[in-house]
Amino acid sequence: MIKVLKFGGTSVGSAANMRKVADIIRAEGATVTVLSAMSGTTDALVKISCSVKNGKPEEVTPVLDMLEKKYTDCMTKLLTDPSDCMEQMGAVFDLIRYQVHQYVPGVSDRVIQAQGELLTSAIFNRYLTEQGERSVLLHAPGFMRTQPDGKVDMDHLNRELAAQTHASNTYYVTQGFICTNHKGELDNLGRGGSDYSAALMGVAVLADEVQIWTDIDGMHNNDPRYVEKTYPIRHMTFDDAAELAYFGAKILHPSTIQPCKEHGIPVRLKNTMDPTAPGTLITNEGEQAQFCAVAAKDNITVIRIHSLRMLMAYGFLRKVFEVFEHHKTSIDMITTSEVSVSLTIDNDEHLDAIVRELQALGTIEIERNNSIICIVGDMDHHKAGLVWRITGSLNTIPVKMISYGANDRSLVMLIETGNKIKALQDINHELFNL
Ligand code: ADP
Ligand code: ASP
Ligand code: MG
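No experiment lies behind these values; they were computed from the predicted model shown. (Residues numbered from 1 in each chain as written. Chains lettered and ligands numbered in written order. Predicted model: local features only at pLDDT ≥ 70, side-chain atom pairs only at ≥ 80, totals over all residues. Heavy atoms only, no water.)

**Points about the packing of aromatic side chains**
Part 1 of the reasoning: Applying the stated criterion across every chain, the model contains three aromatic pairs.
Part 2 of the reasoning: Look at phenylalanine 7 and tryptophan 213: their rings are 5.9 Å apart centre to centre, the planes differ by 20°, and that puts the pair in the stacked class. Here tryptophan 213 lies in strand β7 (residues 209-214) and phenylalanine 7 lies in strand β1 (residues 3-7), a separation of 206 residues in the sequence. Of the two residues, phenylalanine 7 and tryptophan 213, neither departs from the other in class, the shared state being buried.
Part 3 of the reasoning: When the ring centre of tyrosine 246 is taken as reference, the NZ or CZ atom of lysine 297 above it lies at 3.7 Å. (Phe/Tyr/Trp six-rings, centres within 6.5 Å; stacked < 30°, edge-to-face > 60°. Helix = DSSP H or I, 4+ residues; strand = E, 2+ residues; numbered from the N terminus. Buried < 20%, exposed > 50% of the residue type's maximum accessible area, 1.4 Å probe, protein only. Lys NZ or Arg CZ within 6 Å of the ring centre and 35° of its normal.)

**Some points on the site of ligand 2**
Part 1 of the reasoning: Lining the immediate surroundings of ligand 2 are Ser36, Thr42, Glu117, Phe177, Arg191, Gly192, Gly193 and Ser194.
Part 2 of the reasoning: Contact distances for ligand 2 include 2.7 Å between a nitrogen atom and a side-chain N or O atom of threonine 42.
Part 3 of the reasoning: Note that an oxygen atom of ligand 2 is positioned 2.8 Å from one of the backbone N or O atoms of glycine 192.
Part 4 of the reasoning: Computed on the free molecule, ligand 2 has an accessible area of 260 Å², of which 85% lies beneath the protein chains in the complex.
Part 5 of the reasoning: Partitioned by chemical class, the residues of the shell around ligand 2 number one nonpolar, five polar and two charged. (Near = heavy atom within 4 Å. Polar contact = N/O pair within 3.5 Å; in protein donor to acceptor, adjacent residues only side chain to side chain. Areas by Shrake-Rupley, 256 points an atom, 1.4 Å probe, with all protein chains shown as cover. Nonpolar A, V, L, I, M, F, W, Y, C, P; charged D, E, K, R; others polar.)

**Comments concerning the site of ligand 1**
Part 1 of the reasoning: Around ligand 1 sit 16 residues, and of these Lys6, Thr214, Asp215, His220 and Lys250 come closest.
Part 2 of the reasoning: Separating an oxygen atom of ligand 1 from a side-chain N or O atom of lysine 250 is a distance of 2.6 Å.
Part 3 of the reasoning: A distance of 3.4 Å is found between an oxygen atom of ligand 1 and a backbone nitrogen or oxygen belonging to isoleucine 251.
Part 4 of the reasoning: Considered class by class, the residues forming the shell around ligand 1 number five nonpolar, six polar and five charged.

**What to know about the sheet that holds strand β14 (residues 363-377)**
Part 1 of the reasoning: Strand order in the open sheet formed by six strands is β12-β13-β11-β14-β16-β15, and the pairing between neighbours is antiparallel. Single-partner strands in this sheet number two, and they are β12 (331-336) and β15 (401-404). The sheet shows a mean angle of 30° between the axes of neighbouring strands, direction not considered.
Part 2 of the reasoning: Where β14 meets strand β16 (residues 410-416), seven bridges bridge the pair, whose relative direction is antiparallel. Across the sheet, residue isoleucine 375 finds its bridge partner in β16, namely leucine 411.
Part 3 of the reasoning: Lying on the sheet, helix α10 (residues 316-326) is in contact with β11 (291-306), β12 and β13 (340-345); it crosses β13 at an angle near 25°. (Pairing = 2+ DSSP bridges. Axes fitted to C-alpha atoms, helices over the stretch in contact; angles between N-to-C directions. Contact = heavy atoms within 4.5 Å.)

**Here we look at helix α2 (residues 41-53)**
In an α-helix there are 3.6 residues to a turn, and that puts residues three or four apart on one side.
Part 1 of the reasoning: Here α2 contains 13 residues, and its C-alpha end-to-end distance of 19 Å stays within 8% of the 18 Å for a straight helix at 1.5 Å per residue.
Part 2 of the reasoning: Looking only at α2, the buried set comprises Thr41, Thr42, Ala44, Leu45, Ile48, Ser49, Ser51 and Val52.
Part 3 of the reasoning: Considering only its buried residues, α2 is in contact with α3 (60-78), α4 (83-101) and α5 (107-130).
Part 4 of the reasoning: One or two positions beyond α2, positive phi appears at glycine 55, with a value near 70°. (Expected span 1.5 Å × (residues − 1).)

**Quick look at the side chain of aspartate 153**
Part 1 of the reasoning: For aspartate 153, the location among the structural elements is in the loop between β3 (135-137) and α6 (154-164).
Part 2 of the reasoning: The class of aspartate 153 is buried, set by a relative accessible area of 12%.
Part 3 of the reasoning: Only 3.1 Å separates the side chain of aspartate 153 from the backbone nitrogen of histidine 156, close enough to count as a polar contact.
Part 4 of the reasoning: The contacts of aspartate 153, once residues within four sequence positions are left out, are Arg145 and Gln147.

**As for a nonpolar patch on the surface**
Part 1 of the reasoning: On the surface, a nonpolar cluster with roughly 210 Å² of combined accessible area is contributed by Leu317, Phe321 and Ile334.
Part 2 of the reasoning: Mapped onto the elements, leucine 317 comes out in helix α10.
Part 3 of the reasoning: Here leucine 317 falls in the partly exposed class, since its relative accessible area comes to 32%. (Patch = residues over 30% accessible without salt bridge, like charges linked within 9 Å, V, L, I, M, F, W, Y side chains within 5 Å. Salt bridge = Lys/Arg side-chain N within 4 Å of Asp/Glu carboxyl O.)

**Some points on the packing of helix α1 (residues 15-28) against α5**
Part 1 of the reasoning: The geometry of α1 relative to α5 is characterised by a closest axis approach of 11 Å and an angle of 60° between their N-to-C directions. For the pair α1 and α5, the sense of crossing is right-handed. Touching Met18, Arg19, Val21, Ala22 and Ile25 of α1 are Thr120, Ile123, Phe124, Tyr127 and Leu128, all from α5.
Part 2 of the reasoning: Considering only residue class, the contact of α1 with α5 consists of eight nonpolar, one polar and one charged. (Left-handed = near helix turned anticlockwise from the far one by under 90°.)

**A closer look at the pattern of salt bridges**
Part 1 of the reasoning: Counted by the stated rule, this structure contains 27 salt bridges.
Part 2 of the reasoning: Two residues, arginine 126 and glutamate 130, come together in a salt bridge whose shortest N-O distance is 3.5 Å. Of this pair, arginine 126 and glutamate 130 both sit in helix α5, four residues apart, which is roughly one turn of the helix.
Part 3 of the reasoning: Judged by its relative accessible area of 23%, arginine 126 falls in the partly exposed class.
Part 4 of the reasoning: One salt bridge in this structure joins glutamate 209 and arginine 268, with 2.8 Å as the shortest N-O distance. Placement of the pair is glutamate 209 in strand β7 and arginine 268 in strand β9 (residues 267-271), with a sequence separation of 59 residues.
Part 5 of the reasoning: Three or more residues joined by partner-sharing salt bridges are found here, namely Asp81, Asp84, Arg126 and Glu130.

Given below as structure tokens:
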């Protein structure tokens, strides 16, 4: 069986946890092991970039000291002979200092952010070798390359990874998250992108399974960061998992599911801290509960367009959508009446320009700081009382928009972010009886 196993930040966050990872890849017979940076690293590296951008380079040294302590501690506890890895860490920190001095916006940020995954994978590979395992460290930017449109070049990945992983009885260790962009620069797939790296590598090596190992026993019915009583879902469909990941279930990067679904590769979510827990299996089939899970996504901006020109007119929505297409901004929710349209976006980078263009079509209102609540389950439109039951569970919270009927698996609502935690808790109580 060919398996790609990905381990997140907590899973590689200490020497003790790296030992657990080694035990897991042996027990599972991993072909490719994809690693994140140790937890907290990427945040720290992003902070370094921000300090430089804000003209406060003096803030960099304490962050580097913290990272040095963290990685040194891990190496000395894990490795019999940490000297090679220590040397590599020294070179990494020199490179970061160099980027801070010769700062080129964008390019330097990406080089700095890539260093965490490079360090963890080198340490872990060294550990496997010391343990007497046949282990090969692969440099992900050599096979993970993005095109000018930001998409990963799958032909290149398929060819390169297949060529580099042909030996049997070998553990291939590599980095998640990082890649080379079309200019040949070090880049990344976005925050939390290691899950996506693993999915694409799974496709490239024709994996029988992609496993995402993290700090919780699978996809829960609700967000465990905000709600106390939640439970893992044992089996769910690709579509449900993709919807929940897109609408805020942090356990999975939103792009992870699509490539696996397309190639029929099961995805299993597992807990590094409790490897015997069954976790969640994601395939074309899933459990048939009335309500499967709920997730929430923050930083949603509503754009309300009011125009009497919409009355009895056709082609109006096309003009609205073209504005968003032009600014490469995707729309999450949409509701319409005869003379108005409300839309939500989660990326407001081009909001000012979008508003300027939309003003030619009508009066525009903007509302920020909203959250989308997405409930996934059996939303059979023929069933009476379903919408009443769901909205009833939020009867003390103002609901600003509802999207229902686009598919038979989800209902999406928009509320103010300040009400999010209460909404998730009320839904847990009312719909999941917890
Ligand atoms: P990793 O560093 O391993 O990639 P993440 O922090 O990205 O881990 O994802 C795991 C975390 O996702 C969990 O610790 C949990 O707090 C959070 N999470 C949010 N929603 C869910 C959910 N529905 N089910 C499980 N975990 C969730
Ligand atoms: N280390 C990266 C991040 O923290 C990628 C990942 O962990 O998936 O975003
Ligand atoms: Mg993650």
